[in-house]
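# Coordinates in review
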Amino acid sequence: MAIRRLTYRLDEEPGSGTVRLIPVPPPASSPASSPASSPESSPAAEPGVQRQVLEWVQLAIGAEYGRGRGGDGGGLSFSRLPDGGSLLCATAEAGPGVEAVHVTGPDTARFSEDWPITQWEPDEAPPTAGAGRSDGDGDGGEGEGEGGGEGHQLPAPGGRFGRAALIAFARAHEPRVAPFLADVRRLFADPAGRQLVVAEESPDTVAQWIALACASLPTAYVPSLTFSTRAADPARAPQHIVGIGPDADFDRFDATVLDHLYRVHDGLDGPGSPPLTDTWATWTARLWTAGEPPRPPDGGPDGRGDPFAPGPLVPRLLRAGLLTGAELTGLDGDPLRAAVDTLVTALADGTAEPDALTAVCRDVHAHDPAAAAPLALALARHRLTAAHPDRLTGELTAIRADLPLDAATERALRGEFGGDADDALRRALREPVGTWAEPLRLALAVGADDGRRLGAAVDRLAQALRDPTGSGCAPAAAVLDEVGHADLTRRVLERLCADVHERRLDRLKELAASPQGDWLRRNLDDGSPLPLRLADAAVRWGGDPGGLRGVELFTKLTEVLPGRRVTDAATLSHMWWLVWRSGAPDPAELPWVARTCTVRLLIDAKLGVRMTGLLKSPERVDRELVAFARDMLHERHLTMSERATAELVVLARDLADHRVPVPKGLRRVKVLQHDAAPLGVTVRCGVSRLVALALTRTDAQTVARHAFGHLVAAGPELLDPYRSFMLDEDKRRQLDHELPLRPDEISAYYYLWRPRDRSDIKHDWRRVADELLHEILAPVVVRLDARSLDEATDFVARTQGVKGVQRWNAWRHGLREG
């Protein structure tokens, strides 16, 4: 590696006035060259190299001196050269002159990491080589070596660019820090991006901006940042960051310049470019202005990770109270996971407060549960490791309340802390129930053995509670109270009601009536198993001699049900057993039970045989009763009368729905009415109504041939609904439309309804037939044309003979005369 220190003065050419750099030769007392930079190994001794370095110096500072004279004070620039070397140039603060340091050789990159830029960090050690003129009065010359005088103009460690000075500078320029750092970062994200132009009154202020950037960037990026603290013509400046003053040849108000050509940060009251920020820049700026400077990571542009990831800043921000968990959720994906990993590391090395991280963990979990999981696990481990063994249970309970633990985290904790709890519970299950409280509490806290032994404990506790007279019932309730774990108690109550049957319902009632009934009621809520709540309610409302009984108790129990309605067969079976056991309601209560529970539900609950009384005395004969009767036909324990009644109801419905032909059905109806006697009024009237409906829906010829005798001998129970069905408006409209086209039907209806003098014709039939003849058939016959009338008369002659025709004609003529 070669280090060349060069001094130049500015001179004007005679006549043209062109300003040029004139090398100042080194004095005779110049220090000897080091072996690494001897003339034999150094190209500086060659005139061609000297000219090349002069051109580079001219290019590096040309933008500053292009106007003909020096600037308005000392300036500093740093450039990377085509040969891989570096060039640092400082203009003299007094008098026209330039000092330059040219570094070349295979170790240039390493050397640049130490000097000159990171000299601005006061915590860093001084560089191995000074940067200054070879003599103390500024009259040095060109030379090579590693030594240097004390009068140099270049920055030195611990000077004006120390951290304290940069903190003060950042606070003084707080609104501009984050946008500036965001643009500095973009210099490396987009190598072809726009240069930064910093407009300030003094080059020193620009230098402070550059120092702030260098102190914030990842260390591997710092040697690549080139800059010039003062340029009269920024267009000629090749550096990343270019400082300008008020008189620079640069239009700070041109929209094209501000939006497309440069990124301008204007400290001279100009508009500057539209500010752009990102999370890394915002959080880094926040640390500077809070007096907590960031510590840049060592990562660099090597493709491994993102050195600008904001995650490493998070612990420092949290510790200084500069960041909330809600702000952290502004990150997503890899940046968020990297930030969480940093927090986990900070927790492990003690640089972050657990309480603050707990709040952050909850916020992150609400945003991204998977990203929060590692932090939740780390916090839980931290607290459990620090907890006293006797307080492990309480700490675990508190952790579950404080931290969002997913299933994987729970398993991890169980694997680390659950072994002892598992062993303790295994031993406890061999002892009396009353000794289980503490082992249960610990096992529940850590989820020992994935819950297998907890399941065994739940079974044993439920078994003890099912025997209220046994020695284990009271201890079991006491242990559950002492543990105070709602989920465990819920599991025990559910186990109590598992595979519930009649004997188990009795045990539940005994438990509710025992001294442990108070414990039971304290732990019952709307989510508790329904059989248990019904058993408790049956004890409270029907237990003492003056309690509710029968339908009153059944009605009261419905208050326990959702919607106060019985909607499933299992619940109906439980309620029935609690109220009537193997008995049945009083006959007068049967219709109410059927209406409340529905007949279908009674059949599904296999309670139909206890409702057979409903067949004899229902509230009405409807489709629900028919369905009940149809299902009851499969019961083997019906009496002959009950079976005949069920069959009669079903047959009547099938007749009305044309599933059974009228001739066969009417014969069977007579038999079943005899076998079912005595029939209640409701069943008798309901069956007759269905038979009447069947006759109304059957063609008149079939009724005339097979049902005439049934009609003329019937009473009001059949004839009144028959009359109503025939006079129904829809039925009359149908007959008005169809009968003129059906002379056979006209003849059949006339046969049914004409007056007769026979002694077996009842008065009820005479009344109904006469009304139907005049209300339905007469209006149709009056409107018949001659042809239809002749056809109807022919049918009357064929079916009723000559006398029938005579009566038919007499009736017709009477209609015309009337």
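Residues numbered from 1 in each chain as written. Predicted model: local features only at pLDDT ≥ 70, side-chain atom pairs only at ≥ 80, totals over all residues. Heavy atoms only, no water.

### What about the overall build of the chain?
So the rule is basically this: By definition, any uninterrupted DSSP run of H or I lasting at least four residues is a helix, any uninterrupted run of E lasting at least two residues is a strand, and each is numbered from the N terminus. Per-residue accessibility, obtained with a 1.4 Å probe over protein chains only, is compared with the maximum for each type, and a residue is labelled buried under 20%, exposed over 50%, and partly exposed between these values. We call two residues in contact whenever any of their non-hydrogen atoms come within 4.5 Å of each other. Using a 1.4 Å probe, the Shrake-Rupley method yields the accessible areas, and only the shown protein chains count as cover for residues.
Helix and strand content of the chain: 38 helices and ten strands. When burial is assessed residue by residue, the chain has 50% of its 818 residues classed as buried. Taking all contacts inside the chain whose residues are at least 6 apart in sequence as the whole, residues at least 24 apart take part in 67%. Of the accessible surface of the chain, which amounts to about 38,100 Å², a share of 50% is contributed by carbon and sulfur atoms.

### What about the packing of helix α10 (residues 333–348) against helix α11 (residues 354–367)?
We apply this condition: Helix axes use the C-alpha atoms of the stretch in contact, all axes being lines fitted to C-alpha atoms, and the angles between their N-to-C directions lie in the range 0 to 180 degrees. Here the angle decides the label: under 35 degrees means roughly parallel, over 145 means roughly antiparallel, 65 to 115 means roughly perpendicular, and every other value means oblique. Should the near helix be turned anticlockwise from the far one by less than a right angle, the crossing is left-handed, and should it be turned clockwise, the crossing is right-handed. Three categories are distinguished: nonpolar for Ala, Val, Leu, Ile, Met, Phe, Trp, Tyr, Cys and Pro, charged for Asp, Glu, Lys and Arg, and polar for the others, with Gly belonging to the last.
Where α10 meets α11, the closest approach of the two axes is 11 Å, and the angle between their N-to-C directions is 160°. The pairing of α10 with α11 is recorded here as roughly antiparallel in orientation. For α10 against α11, the interelement crossing comes out left-handed. Each of Leu 336, Val 340, Leu 343 and Leu 347 in α10 lies in contact with α11, whose residues at this interface are Pro 354, Leu 357, Val 360, Val 364 and His 367. Considered class by class, the residues forming the contact of α10 with α11 number eight nonpolar, one polar and no charged.

### Section: the pairing of strand β5 (residues 97–104)
To keep things clear, this is the line we draw: Should DSSP find at least two bridges between two strands, the strands are taken to pair.
The element β5 is extensively covered by neighbouring structure, given that eight of its eight residues are classed as buried. Two strands pair when backbone bridges link them, and strand β4 (residues 86–91) and β5 are joined in this way by six bridges, in the antiparallel orientation. Among the inter-strand pairings, Leu 88 is bridged to a residue of β5, identified as Val 101.

### Quick look at the nonpolar core
Put simply, the test is: Residues belong to a common nonpolar core when they are buried Ala, Val, Leu, Ile, Met, Phe, Trp, Tyr or Cys residues joined through side-chain atoms within 4.5 Å.
One finds Tyr 722, Trp 753, Trp 765 and Leu 777 to be the most contacted residues of the largest nonpolar core, which totals 101 residues. Among the elements that line this core, the one with the most residues is helix α37 (residues 763–782), at ten residues. The contact partners of Tyr 722, leaving out residues within four places of it in the chain, are Ala 692, Leu 695, Thr 696, Leu 711, Trp 753, Trp 765, Val 768 and Leu 772. Formed by 75 residues, the second largest nonpolar core is a distinct cluster that contains Leu 196, Leu 322, Ala 346 and Ala 371.

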